[in-house]
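Structural description and commentary
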Amino acid sequence: MNGLRLQSSDLIDAITRPEIGAWVEAFVDFITDVFQPVFDVIRAVFQGLYDGVDTILSGPPFWVIILVAAILALIVRGPVFAIGSALGLLIIVGVEQWENAMDSLSLVLVAGLIAIVIGIPLGILAARSKVASSIIRPLLDFMQTTPAFVYLIPALILFRIGVVPGIVATIVFALAPAVRLTELGIRNVDREVVEAGNAFGASSWRILRQIQLPLAMPNIMAGVNQVIMLSLSMVVIAGMVGAGGLGGDVVKSLSRIDIQLGSEAGLSVVILAIFLDRLTASLGAGRKRGRRVKPTPAPGGIRPAPASSTTTTDSTSHVESSGKPAPSPAGSR
């Protein structure tokens, strides 16, 4: 009887409990065996991009990078932000976290740029196709709600320990805002403006490039800002898989219970986050405030008549140089 009960319980467990974890493991093993050369190429590309950006940021003396950052902050936001940025970066130098900060900044820039390059076209596709939107949205929900540690495991298997798994995990984690806000911005464009472009015979590509994208740019820039901030929030998790940088020191401080090291690395992350957040937010706000209405030709090639060519038939508004009223049109016939 006990044997029959055990067999029936095993059968019930096999029917009622799906082996999702085993299926995922088998799928990852299949991808690893079949597509490993492809992932090796991706790893080499991501590693090369990271090394190039890191060389640009870590190669010059620290004061050169601080000067460039201060000039950029001055142009974008003003002297107060420039001085604050310079002081914040000098604090990073003072706590001897400059090299780690530049390593983390390189990871953020590479992962954020790739996420933006992928996310904005996907957002445009989702805005222009309801079928694409219905497919992309559940995937974005899955990417945003799944803990980052879960997809770090297959990233480690596919790309091995180093900075590349951290870049991949950061891209997956930060991709959603770029897609969602791009789709939202394009969908919120006034339909009458789009219909006017269609009435003038403009192509769909021209409407997208000259009407929808410029009007949706504030939302797109907000998405870029969120991508950068979410990428920076993944620095610590990337440090757990060997990416180094500030995240690596945070992980070391956690394992050693080193309050000094953890506070210095955490403060450096905060300074970088504030600088990048204010910088990208100001770029988006500057585009919105600086937009001017220019008398561009209509999409169909029809140019509006100049204002100087407009005439009036009011006889009282025409006065000759001698001071006498000009003859009316009816009297001149």
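Small disclaimer: the values here were computed from a predicted structure and weren't measured. (Residues numbered from 1 in each chain as written. Predicted model: local features only at pLDDT ≥ 70, side-chain atom pairs only at ≥ 80, totals over all residues. Heavy atoms only, no water.)

Overview of the overall build of the protein
When helices and strands are counted, the protein shows 13 helices and zero strands. In sequence order, the secondary structure elements of the protein are arranged as α-α-α-α-α-α-α-α-α-α-α-α-α. In the protein, buried positions account for 38% of the 333 residues. Taking the contacts inside the protein whose residues are at least 6 apart along the sequence as the reference set, 76% of them involve residues at least 24 apart. (Helix = DSSP H or I, 4+ residues; strand = E, 2+ residues; numbered from the N terminus. Buried < 20%, exposed > 50% of the residue type's maximum accessible area, 1.4 Å probe, protein only. Contact = heavy atoms within 4.5 Å.)

Comments concerning the pattern of salt bridges
By the definition in use, this model includes five salt bridges. Among the ionic pairs, Arg 137 bridges to Glu 183, the shortest N-O distance being 3.2 Å. Remark: Glu 183 occurs in helix 8 (residues 163-187) and Arg 137 occurs in helix 6 (residues 130-145); sequence separation between them is 46 residues. Residue Glu 183 is classed as buried on the basis of its relative accessible area, which comes to 5%. Taken together, the shared-partner salt bridges connect Arg 137, Glu 183 and Arg 187 into one network. (Salt bridge = Lys/Arg side-chain N within 4 Å of Asp/Glu carboxyl O.)

Side note on the nonpolar core
Ranked by size, the top nonpolar core spans 41 residues in total, and within it Phe 46, Leu 107, Val 163, Ile 167, Ile 171 and Ile 186 carry the most contacts. Sorting the residues of this core by element identifies helix 2 (20-58), helix 5 (98-128), helix 6, helix 7 (148-159), helix 8 and helix 10 (204-233) as the ones contributing at least two each. Not counting the four nearest positions on each side in its chain, Leu 107 is found in contact with Tyr 50, Val 163, Ile 167, Thr 170, Ala 238 and Ala 243. Residues Trp 98, Val 269, Ile 271 and Ala 273 belong to the second largest nonpolar core, which totals 27 residues. (Core = buried A, V, L, I, M, F, W, Y, C linked by side-chain atoms within 4.5 Å.)

Some points on the packing of helix 5 against helix 8
Look at helix 5 against helix 8: their axes get within 6 Å of each other, and the N-to-C directions meet at 35 degrees. Like other packed secondary-structure pairs, helix 5 and helix 8 cross with a definite hand, here right-handed. Along the lines of polarity and charge, the residues of the contact of helix 5 with helix 8 split into 19 nonpolar, four polar and two charged. (Axes fitted to C-alpha atoms, helices over the stretch in contact; angles between N-to-C directions. Left-handed = near helix turned anticlockwise from the far one by under 90°. Nonpolar A, V, L, I, M, F, W, Y, C, P; charged D, E, K, R; others polar.)

What about helix 4 (residues 79-94)?
Across its 16 residues, helix 4 extends 22 Å between first and last C-alpha, which sits within 8% of the 22 Å expected from 1.5 Å per residue. Among the residues trailing helix 4, Glu 96 stands out with phi positive, at a value near 60 degrees. (Expected span 1.5 Å × (residues − 1).)

Side note on helix 2
Between its terminal C-alpha atoms helix 2 stretches only 44 Å, short of the 57 Å expected from 39 residues at 1.5 Å a residue. Remark: the principal bend of helix 2, roughly 80 degrees, maps to Phe 35, with a proline, Pro 37, within the next four residues. Turning to helix 2, its buried residues number three or more, namely Val 28, Ile 31, Thr 32, Gln 36, Phe 39, Phe 46, Tyr 50, Asp 54 and Leu 57. Taken together, the buried residues of helix 2 touch helix 3 (62-76), helix 5, helix 7 and helix 8. (Bend = angle between axes of the 7 residues up to and from the residue.)

Some thoughts on the packing of aromatic side chains
The description of two aromatic rings rests on the distance between their centres and on the angle between their planes. Going through the model one piece at a time under the given rule, you end up with three aromatic pairs. A ring pair is formed by Phe 62 and Trp 98, whose centres lie 6.4 Å apart and whose planes are at 70 degrees; its orientation type is edge-to-face. Linking Phe 62 in helix 3 with Trp 98 in helix 5, this pair joins segments that are 36 residues apart in sequence. For Phe 62, a relative accessible area of 34% puts it in the partly exposed group. Between the aromatic rings of Phe 81 and Phe 275, the centroid separation amounts to 5.9 Å while the plane-to-plane angle is 15 degrees, which identifies the pairing as stacked. Highlighted residues: Phe 81 in helix 4 and Phe 275 in helix 13 (residues 259-289), separated in sequence by 194 residues. Phe 275 shares its class with Phe 81; the two are buried. (Phe/Tyr/Trp six-rings, centres within 6.5 Å; stacked < 30°, edge-to-face > 60°.)

Structural notes on unusual backbone geometry
The phi angle at Glu 96 is positive, at roughly 60 degrees, despite the residue not being glycine. Mapped onto the secondary structure, Glu 96 falls in the loop between helix 4 and helix 5. The residue Arg 160 is not glycine, and still its phi comes out positive at about 65 degrees. Its location among the elements puts Arg 160 in the loop between helix 7 and helix 8.

A look at the confidence of the model for the protein
Overall, the prediction assigns the protein a mean pLDDT of 79, with 80% of residues at 70 or greater. Within the protein, the element-level pLDDT minimum falls on helix 1 (residues 2-16), averaging 52, and the maximum on helix 4, averaging 93. With pLDDT under 50 throughout, residues 289-333 is counted as low confidence; its partners more than four residues away or in other chains account for 22 contacts. (pLDDT = per-residue confidence, 0-100.)

Looking at the side chain of Ser 253
Here Ser 253 lies in helix 12 (residues 245-256). The residues touching Ser 253, leaving out its near neighbours within four places in the chain, are Asp 258, Leu 261 and Gly 262.

Looking at the packing of helix 2 against helix 8
At a minimum axis separation of 9 Å, helix 2 and helix 8 run at an interaxial angle of 95 degrees. Relative to helix 8, the element helix 2 is oriented roughly perpendicular. Residues Arg 43, Phe 46, Gln 47 and Tyr 50 of helix 2 lie in contact with helix 8, whose contacting residues are Val 163, Val 164, Ile 167, Val 168 and Ile 171. Classifying every residue of the contact of helix 2 with helix 8 gives seven nonpolar, one polar and one charged. (Parallel < 35°, antiparallel > 145°, perpendicular 65-115°, else oblique.)

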